[in-house]
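Understanding the architecture of this molecule
Spelled out from the first residue to the last, the chains are:
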Amino acid sequence: MINKKNITIMASGNGSNFISIYNAIKNGIINGRINLLISNKKRSGAVKFAEEKNIYTKFLSKKIIDSRKDYANFLEINLKQFETDLIILAGYLKMIPKEIIIMYKNRILNIHPSLLPKFGGKGFYGMKVHEKVISSNEKVSGATVHFVDEIYDNGPIIAQQKVNISPNETPLTLSKKVLDVEHKLFPHVIKKICEDEINFNKIKPKIEEIRK
Ligand code: GAR
């Protein structure tokens, strides 16, 4: 039996992905434990949920994030103190400092609400992604889980899942469809990482495609 991995969640939004990961751990699907939530939004659903479940929470102020050195130091100190094995970006929209990406190479995962490399990069987050997908007359969209590197939404893709776009789709209905997929895809990948089935110590991770 592999040791439980310490999972730090970074989230600033509603926290629905955070909740789906929490539930997958509670139901024995993921062999890990959430040791810490790091957030830059005190009044977010993610922080509220962590409070309800007595999960340690650390806040990143704008002042810390704006000073690159303080930002990297803050993360390094907390990740070391909490013995973090894996960092999960579950609706965290700020760049991760380079020092941390090097330190946690292939141990930081992000979920993105489109089929990357389409509709990714700076400025593409949350509802903005779905608005652009709809206005581009796409027929399919989906969710992507990938390793985080120094470039926004660029790291190696681990898994993707598609959703079909209906003729009367709106950004709101599409966001719900994609979130539904995210809530299964992200725990599925985290489960595999926690079982060492996707070896993040190798330079090239195993790529897995999930299709409905
Ligand atoms: C999710 O759709 C996630 O894919 C997206 O933010 C949402 C967070 O929702 N992330 C990005 O756009 C990252 N570029 P949640 O707070 O309910 O989990």
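Everything below is about the structure printed above this text.
Remember, predicted model here, so these are calculated numbers, not experimental data. (Residues numbered from 1 in each chain as written. Predicted model: local features only at pLDDT ≥ 70, side-chain atom pairs only at ≥ 80, totals over all residues. Heavy atoms only, no water.)

**Overview of the packing of helix α1 (residues 16-26) against helix α2 (residues 45-52)**
As a reminder, the rule being used: Each axis is a line fitted through C-alpha atoms, taken for helices only over the stretch in contact, and angles between the N-to-C directions span 0 to 180 degrees. The helix and strand labels rest on DSSP assignments: H or I over at least four residues marks a helix, E over at least two residues marks a strand, and numbering proceeds from the N terminus. Angle categories: roughly parallel below 35 degrees, roughly antiparallel above 145, roughly perpendicular from 65 to 115, and oblique for all the rest. Contacts: residue pairs with any heavy atoms within 4.5 Å of one another.
At a minimum axis separation of 8 Å, α1 and α2 run at an interaxial angle of 30°. Put simply, α1 runs roughly parallel to α2. Seen from α1, the contacting residues are Phe-18, Ile-19 and Tyr-22; seen from α2, they are Ala-46, Phe-49 and Ala-50.

**Section: the pattern of salt bridges**
Put simply, the rule reads: When a carboxyl oxygen of Asp or Glu lies within 4 Å of a side-chain nitrogen of Lys or Arg, that pair is called a salt bridge. Think of it in three bands: with a 1.4 Å probe and only protein chains considered, a residue is buried below 20% of the maximum accessible area for its type, exposed above 50%, and partly exposed in between.
A complete count under the given rule lists ten salt bridges for this structure. For Lys-80, the salt bridge identified is with Glu-76, shortest N-O distance 2.6 Å. On the criterion of helical spacing, the pair formed by Lys-80 and Glu-76 is a turn pair, its members being four residues apart in helix α4 (residues 68-81). Its relative accessible area of 25% is what places Glu-76 among the partly exposed residues.

**Considering the site of the ligand**
Test applied: Nearness is defined per residue: one heavy atom within 4 Å of the molecule or strand is enough. For the purposes of these results, a polar contact is taken to be a pair of N or O atoms within 3.5 Å, where, inside protein, one atom must be able to donate a hydrogen and its partner to accept one; residues adjacent in sequence count only when each atom of the pair is a side-chain atom. The accessible surface values rely on the Shrake-Rupley method and a 1.4 Å probe; as for residues, cover is taken only from the protein chains in view. In this classification, Asp, Glu, Lys and Arg are treated as charged, Ala, Val, Leu, Ile, Met, Phe, Trp, Tyr, Cys and Pro as nonpolar, and every other residue, Gly included, as polar.
Inspection of the region around the ligand gives 15 residues, with Gly-15, Ser-16, Asn-17, Gly-126 and Glu-182 positioned closest. Between an oxygen atom of the ligand and a main-chain N or O atom of Asn-17, the distance comes to 2.9 Å. Pro-113 is positioned with one of its backbone polar atoms (N or O) 3.5 Å from an oxygen atom of the ligand. About the coverage of the ligand: the protein hides 91% of its 450 Å² of free accessible area. Of all the secondary-structure elements, those providing two or more residues to the shell around the ligand are α1, β5 (108-112) and α7 (171-194). Considering only residue class, the shell around the ligand consists of six nonpolar, eight polar and one charged.

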